[in-house]
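# Results of the structural survey
This is what each chain is made of:
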Amino acid sequence: MEQRKGRQIVFFPLPLQGHITPMLQLANILYTKGFSITIIHTHFNSPKPSNYPHFTFHSIPDALSESDGLNSDLVAVLYHLNTNLVKPFHDCLARLLSEDHKDPIACLITDAMWQFTQAVANKHNVPRIVLRTTSICSFLAFAALDLLRERGYMPLKDSELETPVPELPPLRVQDLPEIKTSDLEHFYGLLANVIKETKASAGLIWNSYEELEQDALATSRQVFRIPNFVIGPLNMYFPAASSSLLSQDKSCMSWLDKQAPNSVLYVSFGSIAAVSETEFLEIAWGLANSNQPFLWVVRPGLVRGSEWLEPLPSGFMEMLGGRGHIVKWAPQQEVLTHPATGGFWTHCGWNSTLECLCEGVPMICQPSFGDQRVNARYISHVWRVGLHLEYKLERVEIGRAIKRLMAEKEGEEMRNRIRVLREKTNSLLNQTGSSSQSLEKLVTYILSF
Ligand code: UDP
């Protein structure tokens, strides 16, 4: 813990699990660097202040109803929040700026998706730094969306999915970060503003590391001509557990203890992705028929139209004789660290991807939407530490992919490659490591305001 710096940083996370976690990890890191920390947050998906007694929390009303919050149209929710929060956020920041018994505010750090906060920051004359919680390569794909639309790649056409996109190698049309929404125009409009306001900000923080995304970083420095700080993986400093919105079922750890080394396939599609009942059953039978032990996170809401496990045939788990274990939410980082875990069937969310890279666990990639598609392409074709399950979710295909990853030479090679990457991540936080040096530059930069 470094000496207190007498300066305050105000954070504003986007209220989604994959965004809250890295933002609170960053807040913890900057706390250890001596800053005092204030978190502005929505009622919806509020973090748990009791897990962070060293921070000050301020909740602002988001005008979201319970059903809006559960709305599967993520774009509609984000659009709504970016519109409704302008005044509450403005007023909250004004109050914080008027508090003279607190450390003076050095800057605001907000999620890139909070595009409206740049205008509020300008109005109050407070520097705004952006945290982008995805990979650099996927944000560059977002930044190119206007151009890709102009050139006719988007909206995506089924007949062109395999077509390469020479503007963004190695992506193909199907890897472009589109999202299912009732209003694609809002999605494009929101992203255009996110990119514009990121360019107008005082700096950009990446939860990634230079050695992993060197080329993308060079391009990012051309596209975003502001200081870029590459300080991740943030999960190496602080695990994700304390920011978990759902409670983690630790029963799976004793189940893992009974399994052979590298034998278990961990299956989780993160906090938002959902599947149809038919897809769910194909996954279940693919896992059952694979004869491989598996730990499966079935989050309530994962199966559209079902509460939890109702679609499973009765007697399904008993039939497996203990070879499978299902939980609603796992202590993911602990699971990935466990010696029994040999593979991760993932939706390729960026936090999950970084956690895998840090623990050396190879992947089966099944991206759903947005940045996950770009990540999957990089995992399978650039870093070559996972295989891409590209087509219809079908039990025989699934069984084949599990065998390739867990039992064949191809999987062994991916495991070896990701372990080499894990060794590299171990040195990132050393005094001379690229991420720790970039963090020092960020601290100096914030102190210069
Ligand atoms: N996670 C967890 N338990 C689970 C599933 C996920 O703790 O059972 C955590 C995981 O470790 C990661 C986050 O939830 O930190 C998911 O973020 P990611 O970016 O991978 O995906 P998203 O949820 O944003 O789609």
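Just so it is clear, the structure is predicted and the values come from calculations on it, not from any experiment. (Residues numbered from 1 in each chain as written. Predicted model: local features only at pLDDT ≥ 70, side-chain atom pairs only at ≥ 80, totals over all residues. Heavy atoms only, no water.)

## Quick look at the overall build of the protein chain
Filter applied, for reference: Only DSSP runs of H or I with at least four residues qualify as helices, and only runs of E with at least two residues qualify as strands; both kinds are numbered from the N terminus onward. Using C-alpha atoms as the atom set, the radius of gyration is obtained and then compared with a globule rule of 2.2 Å times the number of residues to the power 0.38. Buried residues are those whose accessible area, probed at 1.4 Å on protein chains only, stays under 20% of the maximum for their type, while exposed residues exceed 50% and partly exposed ones sit between those limits. Should any heavy atoms of two residues lie within 4.5 Å, those residues are counted as being in contact. Here, Shrake-Rupley sampling with a 1.4 Å probe gives the accessible areas, and only protein chains in the shown set may cover a residue. We score Asp and Glu as negative and Lys and Arg as positive, and we do not count His or the chain ends. For charged residues, the charge sits on one atom: NZ in Lys, CZ in Arg, CG in Asp, CD in Glu.
Helices and strands together make up the secondary structure of the protein chain, namely 18 helices and 13 strands. A globule of 449 residues ought to have a C-alpha radius of gyration of about 22 Å, and the protein chain, at 22 Å, matches this closely. Seen through its principal axes, the protein chain has C-alpha atoms that stretch 65 × 50 × 45 Å. Across the 449 residues of the protein chain, 57% fall into the buried class. The long-range fraction of contacts in the protein chain, counting pairs at least 24 apart against all pairs at least 6 apart in sequence, stands at 71%. Surface exposure of the protein chain reaches about 18,300 Å², of which carbon and sulfur atoms provide 52%. Charge separation in the protein chain, taken as the distance between the mean sites of 41 positive and 46 negative side-chain charges, equals 4 Å.

## A word on the sheet that holds strand 13 (residues 386–388)
Where strands meet in a sheet, backbone hydrogen bonds hold them as pairs that are either parallel or antiparallel. Which entries qualify depends on this criterion: Note: two strands are recorded as paired if DSSP finds a minimum of 2 bridges between them. To get an axis, fit a line to the C-alpha atoms, keeping to the stretch in contact for a helix; angles then go from 0 to 180 degrees between the N-to-C directions.
Pairing is parallel across the open sheet formed by six strands, whose spatial order is 10-9-8-11-12-13. If you trace the sheet from one side to the other, it starts and ends with strand 10 (324–327) and strand 13, each paired once. With direction set aside, neighbouring strand axes in the sheet form an average angle of 15 degrees. Relative to strand 11 (residues 341–346), strand 8 (residues 264–268) runs parallel, the two being bridged by five bridges. Looking at the pairing, L265 lines up with G343 of strand 11. Taken strand by strand, helix 11 (residues 277–290) contacts strand 8, strand 9 (294–297) and strand 11, and its axis lies near 165 degrees from that of strand 9.

## Some thoughts on the sheet that holds strand 6 (residues 203–206)
The strand order 3-2-1-4-5-6-7 describes an open sheet built from seven strands, whose pairing is parallel. If you trace the sheet from one side to the other, it starts and ends with strand 3 (56–60) and strand 7 (228–230), each paired once. Adjacent strand axes in the sheet meet at a mean angle of 20 degrees when their direction is disregarded. With four bridges joining them, strand 5 (residues 128–132) and strand 6 adopt parallel strand pairing. Bridge pairing in strand 6 places I129 opposite G203. Across the sheet, helix 18 (residues 434–447) lies against strand 1 (8–12), strand 4 (105–111), strand 5, strand 6 and strand 7, angled at about 140 degrees from strand 7, the strand it touches most.

## Here we look at the site of the ligand
The criterion, for reference: The cutoff for a nearby residue is simple: one of its non-hydrogen atoms must lie within 4 Å of the molecule or strand. The method works on a 1 Å grid over the protein atoms by themselves. A cavity is a set of points holding a 1.4 Å probe that cannot get out, a pocket is an open set with protein on both sides within 12 Å along at least five of seven lines, and residues with an atom within 4 Å of a point line them. In this scheme, a molecule is assigned to a cavity or pocket if more than half of its atoms are within 2 Å of the grid points. The classification used treats Ala, Val, Leu, Ile, Met, Phe, Trp, Tyr, Cys and Pro as nonpolar, Asp, Glu, Lys and Arg as charged, and all other residues, Gly among them, as polar.
In the vicinity of the ligand lie 18 residues, with S271, A330, N351, S352 and E355 positioned nearest. Within the complex, 95% of the 530 Å² of free accessible area of the ligand lies under protein. When atom positions are compared with the pocket grids, the ligand is found to occupy the second largest pocket. Looking at the shell around the ligand, the elements that each hand over two or more residues are helix 1 (17–32), strand 8 and helix 14 (350–359). If one sorts the elements of the shell around the ligand by residue count, helix 14 sits on top with four residues. In terms of residue class, the shell around the ligand is made up of six nonpolar, eleven polar and one charged.

## Some remarks on the pairing of strand 8
Heads up, the rule is: With the strands pointing away from the viewer, any crossover whose connection runs clockwise from the first strand over the helix to the second is right-handed.
With five of five residues buried, strand 8 lies mostly within the body of the structure. Residues of strand 8 alternate between two faces, with V264, Y266 and S268 on one and L265 and V267 on the opposite face, all of them buried. Relative to strand 9, strand 8 is paired through three bridges, and the arrangement is parallel. By the bridge assignment for strand 9, L265 is matched with F294. Regarding the hand of the β-α-β motif, the stretch spanning strand 8, helix 11 and strand 9 is right-handed.

## So, the environment of E282
For E282, the position within the fold is in helix 11. For E282, a relative accessible area of 15% corresponds to the buried category. Taking the C-alpha atoms as reference points, E282 and E397, separated by 115 residues in sequence, lie 9.6 Å from one another. What E282 contacts, discounting residues up to four positions off in sequence, is L393, E394, R395 and I398.

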